[in-house]
Amino acid sequence: MTQEQLADKADLSLNFISKLERSASQNLSLENASKIAKALNIRLADLIDDREKNSDVEQLNYLLSQLSNESQSELATSFSLIVKSILKHK
């Protein structure tokens, strides 16, 4: 998603989104954070959460949730084959 698309979907200005991405905007209100999370189709907690404090499983779940259903399915098939191969060679 481009900055323009995010700004439009979140009903925020392109200038605001651009500054936010560059960390030039220090004042992100809860209302605007909520708009951005909704536009990105993610939970507000995921948007403001410090990823470094999360477990690897939580990070993986978050990243997987950002993929399309088709990509998730393809990745699940590949991952399943990898795990089966590892288990065979144990």
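Residues numbered from 1 in each chain as written. Predicted model: local features only at pLDDT ≥ 70, side-chain atom pairs only at ≥ 80, totals over all residues. Heavy atoms only, no water.

## Notes on the confidence of the model for the protein chain
Part 1 of the argument: In this model, the protein chain carries an average pLDDT of 81, and 88% of its residues clear a pLDDT of 70 or more.
Part 2 of the argument: Across the protein chain, element-level confidence peaks in helix α1 (residues 3-10) with a mean pLDDT of 92 and bottoms out in helix α5 (residues 56-65) with 74. (pLDDT = per-residue confidence, 0-100. Helix = DSSP H or I, 4+ residues; strand = E, 2+ residues; numbered from the N terminus.)

## Description of the side chain of Asn 32
Part 1 of the argument: In this structure, Asn 32 sits in helix α3 (residues 30-40).
Part 2 of the argument: The class of Asn 32 is buried, set by a relative accessible area of 17%.
Part 3 of the argument: Excluding residues that lie within four positions of it along the chain, Asn 32 makes contacts with Leu 12 and Phe 16. (Buried < 20%, exposed > 50% of the residue type's maximum accessible area, 1.4 Å probe, protein only. Contact = heavy atoms within 4.5 Å.)

## Details of the environment of Ala 10
Part 1 of the argument: Relative to the helices and strands, Ala 10 resides in helix α1.
Part 2 of the argument: A relative accessible area of 3% means that Ala 10 is categorised as buried.
Part 3 of the argument: Along the chain, Ala 10 and Leu 40 lie 30 residues apart, while their C-alpha atoms are 8.4 Å from each other.
Part 4 of the argument: Among all residues touching Ala 10, those that are not within four sequence positions of it are Lys 35, Ile 36 and Ala 39.

## A word on the nonpolar core
Part 1 of the argument: Counting residues in hydrophobic clusters, the biggest one holds eight residues: Leu 6, Ala 7, Ala 10, Leu 12, Phe 16, Ile 17, Ile 36 and Ala 39.
Part 2 of the argument: Secondary-structure elements contributing two or more residues to this core are α1, α2 (14-21) and α3.
Part 3 of the argument: Tallying contributions element by element places α1 first for this core, with three residues. (Core = buried A, V, L, I, M, F, W, Y, C linked by side-chain atoms within 4.5 Å.)

## Looking at the packing of α1 against α2
Part 1 of the argument: Relative to each other, α1 and α2 sit at 120 degrees, their axes nearing to 8 Å. The angle between α1 and α2 places the two elements in the oblique class. The element α1 and its partner α2 pack so that their crossing is right-handed. Mapping the contact onto sequence places Gln 3, Glu 4, Leu 6 and Ala 7 in α1 and Leu 14, Ile 17, Ser 18 and Glu 21 in α2.
Part 2 of the argument: Residue composition of the contact of α1 with α2, by class: four nonpolar, two polar and two charged. (Axes fitted to C-alpha atoms, helices over the stretch in contact; angles between N-to-C directions. Parallel < 35°, antiparallel > 145°, perpendicular 65-115°, else oblique. Left-handed = near helix turned anticlockwise from the far one by under 90°. Nonpolar A, V, L, I, M, F, W, Y, C, P; charged D, E, K, R; others polar.)

## Let's talk about the pattern of salt bridges
Part 1 of the argument: Within this structure, the stated rule accounts for one salt bridge.
Part 2 of the argument: Glu 31 serves as the salt-bridge partner of Lys 35, at 4.0 Å between the closest nitrogen and oxygen. One end of the pair is Lys 35 and the other is Glu 31, both in helix α3 and four residues apart, which spans about a single turn.
Part 3 of the argument: Residue Lys 35 is classed as partly exposed on the basis of its relative accessible area, which comes to 27%.
Part 4 of the argument: Taking the relative accessible area as the measure of exposure, Glu 31 reaches 54% and is therefore exposed. (Salt bridge = Lys/Arg side-chain N within 4 Å of Asp/Glu carboxyl O.)

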